[in-house]
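# Chains, contacts and geometry: an overview
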Amino acid sequence: MPHIVYKKTDLVKTPSTCDGVDFKFIAKSYNFTDKKRNTEYKIAVQKDNRDFLLTVRPKDENQMVKFDKVTRISPVSVVKDAINSYAKAIEADIIFSNTNNFSNKIVPQNKYIKDINYFVDEFDTDKEIQIEIGFGSGRHLIHQAKNNPDVQFVGLEIHTPSIEQLSKQLELQEIENVLVVNYDARLFMEFIKSNKVGKIFVHFPVPWDKKPHRRIYSNEFINEALRVLKIGGTLELRTDSRKYFDYCTELLTNLPKGRITIDINKDLEVSSKYEDRWKKMGKNIYDVVLVSSQEDEPIDIKPDFDFDFEVDDYLKLIENIPTKSVVENGYFVHIEDIFTLENKENSGMIQLTMGNFDRPVSKYILVEQGKVSYYQGSPIPTSSNLNAHKKLKEILSK
Ligand SMILES: C[S@@+](CC[C@H](N)C(=O)[O-])C[C@H]1O[C@@H](n2cnc3c(N)ncnc32)[C@H](O)[C@@H]1O
């Protein structure tokens with residue numbers, strides 16, 4: 001990532017501006033997690049109306065300015081420009097710089113790949129939705145999309161090369177009814193309205209026989225799937241793993257809102273790469289289909305990420321802040337690091353990880369003269385993030 005090493009000198013003055021980059025404030029590490037660690041500074045910058053932090057820290061007897069991984073923004077060229085402007089503003093005597101290796105080219109957005117925030121804020125369709133979880137090579141998803149042009153498909157994957165491969169295929173084949181998102185399927189359903197989905201395909205999920213808690217299927221996942229499925233909508237598992245089949249059958253039996261059908265070695269119109277492999281090996285293929293039989297209430301997660309109090313004494317707060325993770329059922333809060341703001345009374349930044357164990361978010365909390373807010377805006381409004389936020393309010397308002 002872009003960085004510049006230079007002979008140690010004074011920090012930038014704040015507030016100030018250089019080459020279109022605003023330097024807003026400086027936060028100094030409070031040696032919270034590692035008492036021996038050298039002093040590190042976070043420089044709050046704003047460029048093109050976007051806020052992010054740079055890290056300034058010692059590098060041997062010199063100093064280094066680089067990106068901050070929690071607040072990193074894309075494209076990386078924006079961060080590169082801010083680092084160059086920082087070096088210019090402090091008239092740095094540069095020893096090493098790699099910022100020229102990062103081009104200013106704007107990478108064209110792929111219209112198929114959506115960020116999770118798109119599903120939080122914008123996604124809305126009158127069409128029936130169908131979701132494929134862990135689409136891998138995308139063979140099944142492409143087949144479904146071509147044969148059902150009136151359905152809006154959403155493909156969920158966590159493997160980036162599979163996402164890129166599918167999006168290329170969608171473009172080549174001019175398929176218009178698929179959106180792809182890199183997000184953990186176990187947490188995605190929260191962003192979908194109730195009773196909108198016709199089918200959810202889970203074909204050949206990783207069996208996780210030794211770590212069953214990592215499986216896609218769980219009671220929570222099934223309840224969320226039933227909520228988003230319309231009456232008659234289906235959650236379709238196809239697997240070669242007898243253990244996964246038994247585990248799911250047990251979870252899915254006798255649900256008040258659905259009934260299941262089971263098949264062994266049923267042929268589908270399209271066979272995935274995994275399926276071909278298992279068939280060649282003569283393995284059994286199991287299908288467990290859950291059919292939703294009940295209309296669900298709309299969900300109403302009100303994303304309230306406000307802090308409705310002010311901090312009276314920031315230094316006292318950080319002296320007493322818990323150093324161990326606060327773990328509750330389904331969510332946690334862990335304070336990673338603490339900073340004080342230079343030349344500002346009762347002000348600082350708290351770096352933390354919070355939310356769901358499977359998809360934790362990293363954020364900074366900014367305390368400016370007692371007023372508390374999330375730097376760079378609130379976390380994604382999942383129920384675990386909201387619960388973690390409530391816990392955080394308790395911690396900070398003590
Ligand atoms: C064994 S492959 C099966 C791929 C494809 N469905 C097929 O039948 O060929 C499982 C896929 O699920 C993806 N995956 C695993 N865990 C996931 C999760 N929590 N959310 C979304 N995708 C996941 C993996 O990256 C992988 O591509």
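A quick note: this is a predicted structure, and the numbers were derived from the prediction, not measured.

The subject of this paragraph is the overall build of the chain. Helix and strand content of the chain: ten helices and 20 strands. If one aligns the C-alpha atoms of the chain with their principal axes, the spans along those axes are about 70 × 50 × 40 Å. In the chain, 70% of the contacts between residues at least 6 apart in sequence involve partners at least 24 apart. Across the chain, 57 positive and 60 negative side-chain charges occur, with their mean positions spaced 5 Å apart.

What follows concerns the site of the ligand. With respect to spatial proximity, 15 residues lie near the ligand, and among them G134, E157, D184, H203 and S272 are the closest. Separating a nitrogen atom of the ligand from a side-chain N or O atom of D184 is a distance of 2.9 Å. Interatomic distance of 3.0 Å between a backbone N/O atom of A185 and a nitrogen atom of the ligand. Considering the ligand on its own, with 600 Å² of exposed area, one finds that the protein chains cover 87% of that surface. Of the residues belonging to the shell around the ligand, the class tally is eight nonpolar, five polar and two charged.

Within helix 7 (residues 242-252) the residues assigned to the buried category are Y244, F245, C248, T249, L251 and L252. Seen from one end, helix 7 has its buried residues packed into an arc of 160°, which puts them on one side. Exposed residues on helix 7 whose side chains face more than 90 degrees from its buried face are K243 and E250. Two residues or fewer after helix 7 comes N254, characterised by a positive phi angle close to 60°.

The next subject is the pattern of salt bridges. In the structure shown here, the tally under the stated rule is 27 salt bridges. Note that K47 and D48 form a salt bridge whose closest N and O atoms lie 3.8 Å from each other. Judged by its relative accessible area of 13%, K47 is buried. For R227, the salt bridge is made with E224, and the minimal N-O distance between the two is 2.9 Å. Taken together, the residues span about one helical turn, with R227 and E224 both in helix 6 (residues 219-228) at a distance of three residues. Looking at E224, the relative accessible area reads 22%, which means it is partly exposed. It is possible to trace a salt-bridge network through shared partners that takes in R238, D267, E275, K279 and D287.

Attention now moves to the sheet that holds strand 11 (residues 178-182). Sheet architecture is open: eight strands sit in the order 8-11-10-9-12-13-15-14, paired in mixed fashion. If you trace the sheet from one side to the other, it starts and ends with strand 8 (113-114) and strand 14 (258-264), each paired once. Both strand 9 (residues 128-133) and strand 12 (residues 197-203) contribute to a ladder of five bridges, which runs parallel. Pairing of I131 across the sheet is with I200, part of strand 12. Across the sheet, helix 4 (residues 160-172) lies against strand 8, strand 10 (151-157) and strand 11, angled at about 165° from strand 11, the strand it touches most. Along the sheet, helix 6 contacts strand 9, strand 12, strand 13 (229-239) and strand 15 (286-292); its crossing angle with strand 13, the most-contacted strand, is approximately 140°.

Calculation rules
- Residues numbered from 1 in each chain as written.
- Predicted model: local features only at pLDDT ≥ 70, side-chain atom pairs only at ≥ 80, totals over all residues.
- Heavy atoms only, no water.
- Helix = DSSP H or I, 4+ residues; strand = E, 2+ residues; numbered from the N terminus.
- Contact = heavy atoms within 4.5 Å.
- Lys, Arg positive; Asp, Glu negative; His and termini not counted.
- Charge placed at Lys NZ, Arg CZ, Asp CG, Glu CD.
- Near = heavy atom within 4 Å.
- Polar contact = N/O pair within 3.5 Å; in protein donor to acceptor, adjacent residues only side chain to side chain.
- Areas by Shrake-Rupley, 256 points an atom, 1.4 Å probe, with all protein chains shown as cover.
- Nonpolar A, V, L, I, M, F, W, Y, C, P; charged D, E, K, R; others polar.
- Buried < 20%, exposed > 50% of the residue type's maximum accessible area, 1.4 Å probe, protein only.
- Arc of directions from axis to C-beta.
- Salt bridge = Lys/Arg side-chain N within 4 Å of Asp/Glu carboxyl O.
- Pairing = 2+ DSSP bridges.
- Axes fitted to C-alpha atoms, helices over the stretch in contact; angles between N-to-C directions.

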